[in-house]
Amino acid sequence: MRIIGVAGYSVSGKTTLIEKPIPVLVREGLRVSLIKHAHHEFDVDQPGKDSHRHRMAGCAEVLVTSAIRWALMHELRGAPELTLAEAIARLSPCDLVLVEGWKRACIPKLEVWREMLGKPLLHPADSRILGVATDDPERVRSSLPTFTLHDPAAIATFVIENAAVRATAD
């Protein structure tokens with residue numbers, strides 16, 4: 001299992017960037033999984049559905065399964081949030097784990113940067129950032145490989161070449 005992160009400020013386009021090279025990676029024969037860190041309360045369940053009602057009644061876990069997918073919802077109920085290593089350990093075996101969020105994790109990362117946000121580049125302060133994807137590569141002053149956000153093939157190649165074998169993730 002190899003791992004690489006995508007780091008950037010909120011609304012920089014991390015999700016959109018990740019979405020584009022996934023089909024390229026899959027066509028290369030890789031089984032790809034993703035872990036996304038949410039900084040806010042979220043719910044994948046729908047109020048009124050049986051699974052939501054069971055969680056609200058107090059179940060610690062609710063697993064919903066069908067012929068095409070299954071989902072496990074786990075309520076922390078005050079327990080600490082998962083570390084990245086704990087989240088990775090819960091994944092099924094795969095070739096590549098893409099990580100969105102966990103900006104400070106000890107994993108190789110691709111930075112997504114947009115000048116219009118008015119935020120500084122992250123990579124000068126994080127040696128684990130190995131490349132930058134941006135809407136305007138000419139504006140990035142860096143010795144790191146720089147990609148346009150609209151080149152999924154180049155980004156997929158970068159991901160394959162720079163994803164690390166899982167050793168540490170926290």
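Quantities reported herein were computed from a predicted structural model and do not represent experimental measurements.

Scoring rules and cut-offs
- Residues numbered from 1 in each chain as written.
- Predicted model: local features only at pLDDT ≥ 70, side-chain atom pairs only at ≥ 80, totals over all residues.
- Heavy atoms only, no water.
- Helix = DSSP H or I, 4+ residues; strand = E, 2+ residues; numbered from the N terminus.
- Buried < 20%, exposed > 50% of the residue type's maximum accessible area, 1.4 Å probe, protein only.
- Contact = heavy atoms within 4.5 Å.
- Areas by Shrake-Rupley, 256 points an atom, 1.4 Å probe, with all protein chains shown as cover.
- Lys, Arg positive; Asp, Glu negative; His and termini not counted.
- Charge placed at Lys NZ, Arg CZ, Asp CG, Glu CD.
- Arc of directions from axis to C-beta.
- Polar contact = N/O pair within 3.5 Å; in protein donor to acceptor, adjacent residues only side chain to side chain.
- Salt bridge = Lys/Arg side-chain N within 4 Å of Asp/Glu carboxyl O.
- Phe/Tyr/Trp six-rings, centres within 6.5 Å; stacked < 30°, edge-to-face > 60°.
- Pairing = 2+ DSSP bridges.

(A) Molecular detail of the overall build of the protein. Of regular secondary structure, the protein possesses 5 helices and 9 strands. Order of helices (α) and strands (β) in the protein, N terminus to C terminus: β-α-α-β-α-β-β-α-β-β-β-β-α-β. Considered along the principal axes of its C-alpha atoms, the protein spans approximately 55 × 35 × 30 Å. In the protein, buried positions account for 36% of the 170 residues. Residue pairs at least 24 apart in sequence account for 57% of intrachain contacts in the protein once pairs closer than 6 positions are excluded. Approximately 10,400 Å² of the protein is accessible, and the part contributed by carbon and sulfur atoms is 54%. Across the protein, the centroid of the 21 positively charged side chains sits 2 Å from that of the 21 negatively charged ones.

(B) Looking closely at unusual backbone geometry. The backbone of Arg77 shows a phi angle near 50°, a positive value even though the residue is not glycine. Mapped onto the elements of the fold, Arg77 is located in the loop between β4 (70–74) and α4 (84–89). A positive phi angle, near 45°, is found at Trp102, a position not held by glycine. Looking at where Trp102 falls in the secondary structure, it is placed in the loop between β5 (96–100) and β6 (109–113).

(C) A look at helix α5 (residues 152–162). When we look at burial in α5, the residues that qualify are Ile155, Ala156, Phe158 and Val159. Along the axis of α5, the buried positions cluster into a sector of 160°, meaning they face one direction only.

(D) Representation of the side chain of His37 in the model. Turning to its location among the elements, His37 is positioned in the loop between β2 (32–36) and α3 (50–57). The class for His37 is buried, based on a relative accessible area of 14%. There is a polar contact of 2.3 Å between the side chain of His37 and the side chain of Glu81. His37 has contacts with Glu81, Glu100, Gly101 and Trp102, leaving out every residue within four places of it along the chain.

(E) Seen up close, the pattern of salt bridges. For the structure on display, the rule yields 8 salt bridges. Here Lys109 ties to Asp126 by a salt bridge, and the two come within 3.2 Å at their closest N and O atoms. Taken together, the residues span a long stretch of sequence, with Lys109 in strand β6 and Asp126 in the loop between β6 and β7 (129–134) at a distance of 17 residues. Note on Lys109: relative accessible area 1%, which makes it buried. Of the charged contacts, one joins Arg114 and Asp135 as a salt bridge, the two residues approaching to 3.5 Å between their closest N and O atoms. With a gap of 21 residues between them, Arg114 in the loop between β6 and β7 and Asp135 in the loop between β7 and β8 (146–148) connect regions that are remote in the sequence. Residue Asp135 is classed as partly exposed on the basis of its relative accessible area, which comes to 32%. A network of salt bridges, in which partner residues are shared, links Asp45, Arg55, Glu75 and Arg77.

(F) Structural detail: the packing of aromatic side chains. Under the counting rule described, the total for this entry stands at 1 aromatic pair. Ring geometry for Phe147 against Phe158: centres 5.3 Å apart, planes inclined by 65°, an arrangement best described as edge-to-face. With Phe147 in strand β8 and Phe158 in helix α5, the pair connects residues that are 11 residues apart, well separated along the chain.

(G) Main features of the side chain of Lys109. Engagement of the side chain of Lys109 in a polar contact is seen with the side chain of Asp126, the distance being 3.2 Å. Apart from residues lying up to four places away in sequence, Lys109 is in contact with Ile4, Gly5, Ala7, Lys103, Arg104, Asp126, Arg128, Ile129, Leu130, Gly131 and Phe158.

(H) Spatial organisation of the pairing of β6. Of all 5 residues making up β6, 5 are buried, and the element is well covered by its neighbours. Across the two faces of β6 the burial is the same, with Lys109, Glu111 and Trp113 and Leu110 and Val112 all buried. By the bridge criterion, 5 bridges tie β6 to β7 in an arrangement that is parallel. In the sheet register, Leu110 faces β7, and the bridge partner there is Gly131.

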